[in-house]
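# Commentary on secondary and tertiary structure
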Amino acid sequence: MTPRGEIVAIPLRGAWTGNRGILHSGRQIVRTHASDLWLTCRLEFRGRWREQWLPRRYTHLFFHDEAVSFAAGHRPCGECRREDYVRYRDTWARLLEVPPPSARAMNRQLHTERLAGRRRRLHAMPWRDLPDGTFVLLDDVPALVVDGGLTEWTTSGYGTRHRLPHEGTAQVITPPSTLAVLRGGYPVQIDPSARR
């Protein structure tokens, strides 16, 4: 998966797996999502394992790190990542000043923030308001805000570092509700290569 939520076949190893429902027919991807339920899951959980591409079973997706999964519009799974899910939900409630939302309410909100019809929705926000873990477009290339700078993401992993602009507006990929969670101190997992 890319930070823009695109499903691509690349050799880059994933730190997380994801679920958007049944997206394949045979060994071919035939849709981008099956519902508004987009999860980020552990690679291993209670010894469960199953083959990819099984008929009538969800399509396994993979993310380089959690920051990529958040940019793609996913949230922590409430089963295999219960502690992360509760932290994400409770931070969402605190920062957005709402009662703790249900999983269904978060799914609906994230869905409106990540897509405009079939197209990826971007959000114009001031550079100064972007916490670490946020993905933006930098000259049409996804870049991660981390440690006071920007690191480009490619299908080979993190690459070129840039200075973080202090003025102006960024085209943000990460959904605004997840941005609030990041601002609230959620400890998003970022691959160490992004910090070099």
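Residue positions are counted from 1 within each chain, in the order its sequence is given. Given that this is a predicted model, residues contribute local features only at a pLDDT of at least 70 and side-chain atom pairs are listed and counted only at 80 or more, while totals for whole chains, interfaces and linings are drawn from all residues. For the side-chain quantities, the full set of heavy atoms in the structure was used; hydrogens and water were omitted.

### Quick look at the overall build of the protein
To qualify as a helix, a DSSP run of H or I must reach at least 4 residues; to qualify as a strand, a run of E must reach at least 2; elements of each kind are numbered from the N terminus. Looking only at helices and strands, the protein has four helices and 14 strands in total. Its C-alpha atoms give the protein a radius of gyration of 16 Å, within 12% of the compact-globule value 16 Å for 196 residues. Each principal axis of the C-alpha atoms in the protein carries an extent, and together these give about 50 × 40 × 35 Å. Using a 1.4 Å probe, accessible areas were evaluated by the Shrake-Rupley method; residue-level cover was limited to the displayed protein chains. As displayed, the protein has an accessible area near 10300 Å², and 48% of this comes from carbon and sulfur atoms. Just so you know, the count uses Lys and Arg for positive and Asp and Glu for negative, and it drops His and the chain ends. Here the site of a charge means atom NZ of a Lys, CZ of an Arg, CG of an Asp or CD of a Glu. Computed over 30 positive and 20 negative side-chain charges, the separation of the two mean positions in the protein equals 7 Å. Our radius of gyration is a C-alpha quantity, and the globule rule it is checked against amounts to 2.2 Å times the number of residues to the power 0.38.

### Points about the nonpolar core
The criterion is simple. A nonpolar core is a set of buried Ala, Val, Leu, Ile, Met, Phe, Trp, Tyr and Cys residues joined through side-chain atoms within 4.5 Å. We call a residue buried when its accessible area falls under 20% of the maximum for its residue type, exposed when it is over 50%, and partly exposed in between, using a 1.4 Å probe and counting protein chains only. One finds Tyr88, Leu130, Phe135, Val136, Leu144, Leu150 and Tyr158 to be the most contacted residues of the largest nonpolar core, which totals 40 residues. The element that contributes the greatest number of residues to this core is helix H1 (residues 66-72), accounting for five residues. Residue contacts for leucine 144: discarding those within four places in its chain leaves Ala67, Gly133, Thr134, Phe135, Gly149, Leu150, Thr151, Tyr158, Ile190 and Ala194. Grouped together as the second largest cluster of nonpolar side chains are five residues, Leu39, Cys41, Phe45 and Cys80 included. The contact rule is simple, with two residues in contact once any of their heavy atoms fall within 4.5 Å.

### Overview of the sheet that holds strand E6 (residues 75-76)
Backbone-to-backbone hydrogen bonds pair the strands of a sheet. The strands run either parallel or antiparallel. With respect to topology, four strands assemble into an open sheet ordered E5-E1-E4-E6, the strand pairing being mixed. Strands at the two margins of the open sheet, each flanked by one partner only, are strand E5 (61-63) and E6. Note on pairing: DSSP must find at least two bridges between two strands before they are called paired.

### Brief notes about the pairing of strand E10 (residues 135-138)
Alternating residues of E10 divide into Phe135 and Leu137 and Val136 and Leu138, and every residue in both groups is buried. Alignment of E10 against strand E11 (residues 141-146), held across four bridges, turns out to be antiparallel. Considered in E11, the bridge of valine 136 is made with alanine 143. In textbook terms, the turn of a hairpin is the stretch between consecutive antiparallel strands, and for E10 and E11 this stretch comprises two residues, one of which, aspartate 139, has a positive phi near 55°. Taken together, the two bridges between E10 and strand E14 (residues 169-172) define a ladder with antiparallel strand orientation. When the bridges of E14 are listed, valine 136 appears paired with valine 172.

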